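Per-entry structural report
So the chains spell out like this:
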Amino acid sequence: MTQPSFGPEYARSWLLVNATHTQRFRIAEKSQADAIVIDIEDSVAPTRKAEARENTVEWLASGEHHAWVRINGFGTENWERDCRTLAECKGLDGVILAMVESPEHVIRTAELLPQRKIVALVETARGVQSLGAIAEARPTFRLGFGLGDFRRDTGFDDSPLTLAYTRSQFTIAARGAGLPGPIDGPAVGALGVALAEAAGVTAQFGMTGKICLNPEQAPIVNEILSPSQADISWANSFLEQLDERGGEIQDGSDLPRMARARKILNLASIYGIEAAEGYTVWNDPTEVHHS
């Protein structure tokens, strides 16, 4: 895979790769995932942590390959080893810090990994209670939702309704702190329609990235988390109509619509999505109309 032309603040698909399965590194690298994440945390057995760390350093040290790394949570015996070992890796794009429950976890990690981007992966009820403070911590680059561990911690099931409040809190905290949209947890084993529906839930809650567990998930996640042709057509039509009336604002909904239209077209440009010829939508496809 060629590196995306856009920064990780816009990355949609975050593909996890078990660090003990080195044969998968190249497969991931050639995938359509926006961000590759070598995992030396949850998917690696405790007895193989050192091996996973060594494999990761060997892959990244030369600078020929680039990836993010999911490291072990603050306070665990492997956390400091992970940080100190990865600090000098030329190909390290950043780290996803597991089990974040307070701003201190991110701040202390940044002290060992200066100038590295840190995604704070929040995976417990205690962490969710501190989301605002975690998002406001200076080293936090993006928030991530550790969905599986959160469900184990709380006993929640995985229905969108059950997790609606939690997902909303991630997006509100990220927006309030001026961060890019948060990264949603994975849809385990889902492909096709099921994955598209799961990624649709991600988008509905204002989350702009999603963890993927296999390369086949990446293109579907990318499509769902990108502006659709309906979005692009509406945005172009709205701005054209606005130009035709000399940019005159006619009612209170015009300004937010203008901002949304410009955001859609900006994202389409970033992701290299062109408007399909002859595709026309006159009404905002996401607007809810009340009778």
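Think of each chain on its own: its residues are numbered from 1, step by step along the sequence as written. Where local features are concerned, this predicted model is filtered to residues with pLDDT of at least 70; where side-chain atom pairs are given and counted, the filter is 80 or more; whole-chain, interface and lining totals use all residues. Side-chain measures here rest on the full set of heavy atoms in the structure, leaving out hydrogens and waters.

1. Examining the overall build of the protein
Using the following cut-off: Secondary structure is summarised from DSSP: a helix means a run of H or I of at least four residues, a strand means a run of E of at least two, and numbering begins at the N terminus for each. With C-alpha atoms as the basis for the radius of gyration, the globule rule is written as 2.2 Å multiplied by the number of residues raised to the power 0.38. In this scheme, a residue with accessible area under 20% of its type's maximum is buried, one over 50% is exposed, and one in between is partly exposed, where area comes from a 1.4 Å probe on protein chains only. We call two residues contacting when some pair of their heavy atoms lies within 4.5 Å. Accessible surface is estimated by sampling points in the Shrake-Rupley manner with a 1.4 Å probe; for residues, cover comes only from the protein chains shown. Only four residue types enter the charge count, namely Lys and Arg as positive and Asp and Glu as negative; His and the chain termini do not. In plain terms, the charge of a residue is placed at NZ if it is Lys, CZ if Arg, CG if Asp and CD if Glu.
Counting its regular elements, the protein contains 12 helices and 8 strands. Its C-alpha atoms give the protein a radius of gyration of 20 Å, within 12% of the compact-globule value 19 Å for 291 residues. Put simply, the protein has 291 residues, and 48% of those count as buried. Here the contacts in the protein between residues at least 6 apart in sequence split such that 68% fall between residues at least 24 apart. Of the accessible surface of the protein, which amounts to about 14,500 Å², a share of 49% is contributed by carbon and sulfur atoms. Computed over 27 positive and 39 negative side-chain charges, the inter-centroid distance for the protein is 5 Å.

2. A few points about unusual backbone geometry
At Met99, a residue that is not glycine, the phi angle is positive and equals roughly 55°. The residue Met99 is located in the loop between β4 (92-97) and α4 (103-112) in this model. Its relative accessible area of 29% is what places Met99 among the partly exposed residues. The phi dihedral of Gln115 falls on the positive side, at around 70°, and the residue is not glycine. Within the fold, Gln115 resides in the loop between α4 and β5 (117-122). Looking at Gln115, the relative accessible area reads 82%, which means it is exposed.

3. Let's talk about the environment of His65
Topologically, His65 is positioned in the loop between α2 (49-60) and β3 (67-71). Accessibility expressed as a relative area gives 7% for His65, which makes it buried. Taking the C-alpha atoms as reference points, His65 and Val37, separated by 28 residues in sequence, lie 12 Å from one another. In this structure, His65 is in contact with Arg26, Glu29, Trp59, Leu60 and Gly91, ignoring residues within four places of it in sequence.

4. So, the nonpolar core
Proteins that are soluble and globular tend to have nonpolar side chains buried together. Spelled out, the test is: Nonpolar core, defined: a set of buried Ala, Val, Leu, Ile, Met, Phe, Trp, Tyr and Cys residues in which side-chain atoms within 4.5 Å join the residues together.
Ranked by internal contacts, the top residues of the largest apolar core, which has 56 residues, are Val69, Ile71, Leu143 and Phe170. The element that contributes the greatest number of residues to this core is helix α8 (residues 164-176), accounting for 4 residues. Every residue in contact with Phe170, bar those within four places of it in the chain, is listed here: Val122, Val128, Leu131, Leu143, Gly144, Phe145, Pro182 and Met207. Within the second largest apolar cluster, 12 residues are counted, among which are Leu16, Val37, Trp68 and Val119.

5. Re the packing of helix α3 (residues 79-86) against α4
Quick reminder of the rule: Inter-axis angles, ranging from 0 to 180 degrees, are taken between N-to-C directions of lines fitted to C-alpha atoms, where helices are fitted over the stretch in contact. Residues were grouped as follows: Ala, Val, Leu, Ile, Met, Phe, Trp, Tyr, Cys and Pro as nonpolar; Asp, Glu, Lys and Arg as charged; and all remaining residues, including Gly, as polar.
Taken N-terminus to C-terminus, the directions of α3 and α4 make an angle of 40°; their axes are 9 Å apart at the nearest point. Residues Trp79, Glu80, Cys83 and Arg84 of α3 form the contact with α4, whose participating residues are Arg108, Thr109 and Leu112. In the contact of α3 with α4, the residues fall into 3 nonpolar, 1 polar and 3 charged.

6. Brief notes about the state of the cysteines
Defined simply, a disulfide is a covalent bond joining two cysteines at their sulfur atoms. Defined as follows: Put simply, a disulfide is two cysteine sulfurs that come within 2.5 Å.
For the structure shown, the criterion picks out 0 disulfides. Not engaged in a disulfide, the cysteine Cys83 finds its nearest cysteine sulfur in Cys89; these two sulfurs lie 12 Å apart. You can call Cys83 buried: its relative accessible area is 0%. For Cys89, a relative accessible area of 2% corresponds to the buried category.

7. Quick notes on the packing of aromatic side chains
Our working rule: In this analysis, rings of Phe, Tyr and Trp, with Trp reduced to its six-membered ring, are considered paired at centre separations within 6.5 Å, and the interplanar angle assigns stacked below 30 degrees, edge-to-face beyond 60, and tilted for intermediate values.
For the coordinates displayed, the defined rule picks out 9 aromatic pairs. Measuring from ring centre to ring centre gives 5.2 Å for Phe6 and Tyr271, while their planes differ by 85°; the resulting arrangement is edge-to-face. Here the residue Phe6 occupies a position in the segment before β1 (13-18), and Tyr271 occupies one in helix α12 (residues 254-271), the gap between them amounting to 265 residues. For Phe6, a relative accessible area of 16% puts it in the buried group. A residue is classified by how much of its surface remains accessible, and Tyr271, at 14% relative accessible area, is buried. Arranged with centres 5.7 Å apart and planes meeting at 75°, the rings of Phe150 and Phe156 form a pair that is edge-to-face. On the basis of relative accessible area, Phe150 is assigned to the buried category, the value being 3%. Of the residues examined, Phe156 reaches a relative accessible area of 34% and is grouped as partly exposed. Cluster of aromatic residues (ring-pair linked, three or more members): Phe145, Phe150, Phe156 and Phe170.

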